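This is what each chain is made of:
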There are 2 protein chains.
Amino acid sequence: MATKRAPKLARAEREAERRKTILRAAVEVFSRKGFQGCRIADVAREAGVAYGLVYHYFKDKDELLGSVFESGWQGFLARVQAALSEQTDFESRIRSVVHVAFEAYRRDPRGVKVLILEVGRSPSGGAVNRGSAFTDVIELAAGIFAEAQARGEMASHLDPKLTAALFFGSIEMGLTTFVVGLMERRDDVLERARDQVAETFLRGVTHARAPAASAAEALPSEAPWNSAKSGTRSRAARRD
Amino acid sequence: MATKRAPKLARAEREAERRKTILRAAVEVFSRKGFQGCRIADVAREAGVAYGLVYHYFKDKDELLGSVFESGWQGFLARVQAALSEQTDFESRIRSVVHVAFEAYRRDPRGVKVLILEVGRSPSGGAVNRGSAFTDVIELAAGIFAEAQARGEMASHLDPKLTAALFFGSIEMGLTTFVVGLMERRDDVLERARDQVAETFLRGVTHARAPAASAAEALPSEAPWNSAKSGTRSRAARRD
DNA sequence: GCGTTCGTTGACTTCGAAATCAGCGAACGG
DNA sequence: CCGTTCGCTGATTTCGAAGTCAACGAACGC
């Protein structure tokens with residue numbers, strides 16, 4: 001038994017490689033035509049393999065989408081968790097997560113596009129395991145926010161779960177501006193966007209003033225930052 | 001000519017009514033099964049009309065989706081613009097828009113769900129006129145942010161377009177938590193969420209400190225709100 | 001009332017993509 | 001060098017949903 005394993009393993013590796021090739025092709029095609037809008041034939045052609053082979057590696061179209069999702073999401077989650085374990089204080093963590101997301105986009109725009117546009121939303125993606133994955137991430141992040149609150153690093157009256165949702169919403173929308181071509185995909189623009197997402201979110205969440213309740217009324221003009229260092233604000237208008 | 005118009009008009013009204021019925025049914029079915037995942041037969045059955053009638057009022061499935069999108073989006077846009085024209089100062093405007101969005105969800109969760117999940121994203125929706133509509137709204141909002149910056153009501157170093165995207169991203173994600181059932185759909189929860197979205201965003205955007213450039217590094221602990229009036233912040237916790 | 005229009009019907013046709021499968025041939029064992 | 005396995009092929013089958021259309025009948029004008 002053991003003696004004939006060596007070649008078998010080599011073969012297994014080649015198969016795994018094939019599988020990855022198809023997966024990559026699927027990402028490529030999905031990003032161009034969308035999951036529903038593309039044919040298995042497209043994926044096969046893109047991968048340079050026969051139509052039937054796709055079905056050799058994946059039970060059906062849904063499983064293919066599921067695998068695309070899983071492999072992409074897995075990678076992202078791993079990086080996020082790594083980033084989280086490297087940092088301890090709240091602000092650094094937030095910046096790290098944002099950084100990871102934008103970096104992922106810079107490295108693999110197509111993959112991120114598919115994750116955001118195809119599986120991130122839409123009931124078709126929901127059929128896979130999107131629902132749980134999405135929820136899981138929110139819950140995970142919610143834990144971090146709750147912890148930050150306990151340590152006094154974050155305003156305590158905010159709902160952690162909702163805050164987590166808003167956080168990822170900001171990241172996602174920040175990336176979406178690039179995905180749909182609203183912003184030019186250039187490294188410096190990406191960096192500025194990344195920083196703005198992180199800074200804006202942090203500002204919004206870090207120690208907001210007291211209850212505020214349903215304060216849809218007057219804005220206290222004696223807000224701290226007005227009396228502090230507002231000397232330069234008159235020169236604010238930059239963009240028509 | 002004029003004499004025979006009265007009955008004709010009555011008939012025309014009935015037709016418009018039929019059309020609306022089908023449109024409503026489409027929203028209902030789309031929200032349950034998704035655009036791609038549902039059959040015209042489903043829409044017809046839901047509307048209580050014959051299969052062929054759907055094709056009498058709409059050229060094809062795409063046009064049906066387009067109409068659903070347009071009618072929904074039109075209503076939303078109109079309310080947003082009304083809200084904007086009623087308010088002049090920046091903070092009130094932001095709160096108004098958030099309010100409008102959440103109110104729309106409270107009144108018609110299904111419709112909002114379809115807008116968010118089906119047409120708001122996905123290349124299939126993009127085939128319609130989503131692309132332009134989405135972009136248009138961002139551009140519109142960007143104008144408001146630019147104006148706010150000119151008036152000194154908003155931090156000047158933020159990119160208006162990106163800010164607009166983040167704004168709608170926050171709203172959308174805030175609503176998504178309810179759409180996917182992450183948050184319980186109850187009026188008081190909705191209200192709290194709405195306020196948190198508005199407050200968090202405003203805090204994040206209103207007069208952030210100077211350039212900050214690529215400040216992904218240290219957080220200056222002499223941030224204005226720390227040294228100013230932080231005396232009451234310990235009593236902030238209200239809920240659990 | 002009587003003919004005509006036209007909204008309405010739903011069985012039928014069409015079409016295209018998913019999924020199948022019988023067989024080929026390269027890689028391997030002996 | 002021959003036999004066998006099994007990864008791989010792509011024409012073929014299957015299936016289901018989009019879109020058509022001929023006919024019906026209710027509402028209308030005369």
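Provided above is the structure to which this section pertains.
As the structure is a computational prediction, the values presented were derived from the model and not from experiment. (Residues numbered from 1 in each chain as written. Chains lettered and ligands numbered in written order. Predicted model: local features only at pLDDT ≥ 70, side-chain atom pairs only at ≥ 80, totals over all residues. Heavy atoms only, no water.)

Colleague: I tried to follow the nonpolar core on my own but got confused; where do I start?
Modeller: A general trend in soluble globular proteins is that nonpolar side chains are found buried together. If you look at the biggest cluster of nonpolar residues, it comprises 51 residues, and the most contacted ones within it are Phe145, Phe167, Phe168 and Ile171 of chain B. Of all the elements in the fold, those that place two or more residues in this core are α9 (160-179) of chain A together with α4 (61-86), α5 (90-107), α6 (109-119), α8 (130-150), α9 (160-179) and α10 (187-205) of chain B. Filtering out sequence-adjacent residues up to four positions away, Phe167 of chain B remains in contact with Ile94, Val97, Val98, Phe145 and Phe201 of chain B. Listed in part, the 46 residues of the second largest apolar core include Val80, Val98 and Ile171 of chain A together with Met173 of chain B. (Core = buried A, V, L, I, M, F, W, Y, C linked by side-chain atoms within 4.5 Å. Buried < 20%, exposed > 50% of the residue type's maximum accessible area, 1.4 Å probe, protein only. Helix = DSSP H or I, 4+ residues; strand = E, 2+ residues; numbered from the N terminus. Contact = heavy atoms within 4.5 Å.)

Colleague: It is not clear to me how the packing of α9 of chain B against α10 of chain B should be interpreted in this structure. Could you clarify?
Modeller: Residue and element names in this part refer to chain B. One way to put it is that α9 packs onto α10 with a least axis distance of 10 Å and a crossing angle of 160°. In terms of axis orientation, α9 runs roughly antiparallel to α10. Of the two possible hands of crossing, α9 and α10 adopt the one that is right-handed. Residues Thr163, Leu166, Phe167, Ser170, Ile171, Gly174 and Phe178 of α9 pack against Val189, Leu190, Ala193, Val197, Phe201 and Val205 of α10. Here the residues of the contact of α9 with α10 sort into 10 nonpolar, 3 polar and no charged. (Axes fitted to C-alpha atoms, helices over the stretch in contact; angles between N-to-C directions. Parallel < 35°, antiparallel > 145°, perpendicular 65-115°, else oblique. Left-handed = near helix turned anticlockwise from the far one by under 90°. Nonpolar A, V, L, I, M, F, W, Y, C, P; charged D, E, K, R; others polar.)

Colleague: Looking at this structure, how should I read the environment of Arg151 of chain A?
Modeller: All names here are of chain A. With respect to the helices and strands, the residue Arg151 is situated in the loop between α8 (130-150) and α9. You can call Arg151 partly exposed: its relative accessible area is 45%. Between the alpha carbons of Arg151 and Asp89 there is a distance of 9.5 Å; along the sequence they are 62 residues apart.

Such coordinate-based values are descriptive only and should not be taken to indicate function.
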